[in-house]
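Structural overview for review
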Amino acid sequence: NIHGGKYKITQGMNDFDIVSLIKSGKQETVKLVINKIRTKAQIAKKIASKLEADSASLMQVFNDNKYLEQYDLDSNQIQAAIMPYTYDFYWNTP
């Protein structure tokens, strides 16, 4: 099985090493820096620039009050719920 994601390929790795790395699923984390963001669209764009998720899908989630209920949020609270910080994610975090 091949696992999608962000992998660190270093000098000296051969084809076997690279395939083994991808098959192992041992990804590198991606740093997502959130700061000075005011709108849901800005948040979605920032996240989509670093992770696999696209901004349109993120906007759907940000506007889905039924989904957000499980986190005690609604679509008007997204900006306040995402605090300025440097977050570590895997590139293909769902």
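Read on for a plain summary of the structure. (Residues numbered from 1 in each chain as written. Predicted model: local features only at pLDDT ≥ 70, side-chain atom pairs only at ≥ 80, totals over all residues. Heavy atoms only, no water.)

1. Description of the pairing of strand β1 (residues 29-34)
- Residue alternation in β1 divides its side chains into a buried set, Val30, Leu32 and Ile34, and an unburied set, Thr29, Lys31 and Val33.
- With six bridges connecting them, β1 and strand β2 (residues 85-90) associate as antiparallel partners. What sits directly across from threonine 29, in β2, is tyrosine 90. (Buried < 20%, exposed > 50% of the residue type's maximum accessible area, 1.4 Å probe, protein only. Helix = DSSP H or I, 4+ residues; strand = E, 2+ residues; numbered from the N terminus. Pairing = 2+ DSSP bridges.)

2. Considering the environment of asparagine 63
- Position of asparagine 63 relative to the elements: it lies in the loop between α3 (55-62) and α4 (65-68).
- Under the relative-accessibility criterion, asparagine 63 is labelled partly exposed at 41%.
- Taking the C-alpha atoms as reference, asparagine 63 lies 30 Å from glutamine 27; in sequence the two are 36 residues apart.
- When residues no more than four places from it in sequence are discounted, the contact partners of asparagine 63 are Lys40 and Ser75.
- A polar contact is formed between the side chain of asparagine 63 and the backbone oxygen of methionine 59, at a distance of 3.0 Å. (Contact = heavy atoms within 4.5 Å. Polar contact = N/O pair within 3.5 Å; in protein donor to acceptor, adjacent residues only side chain to side chain.)

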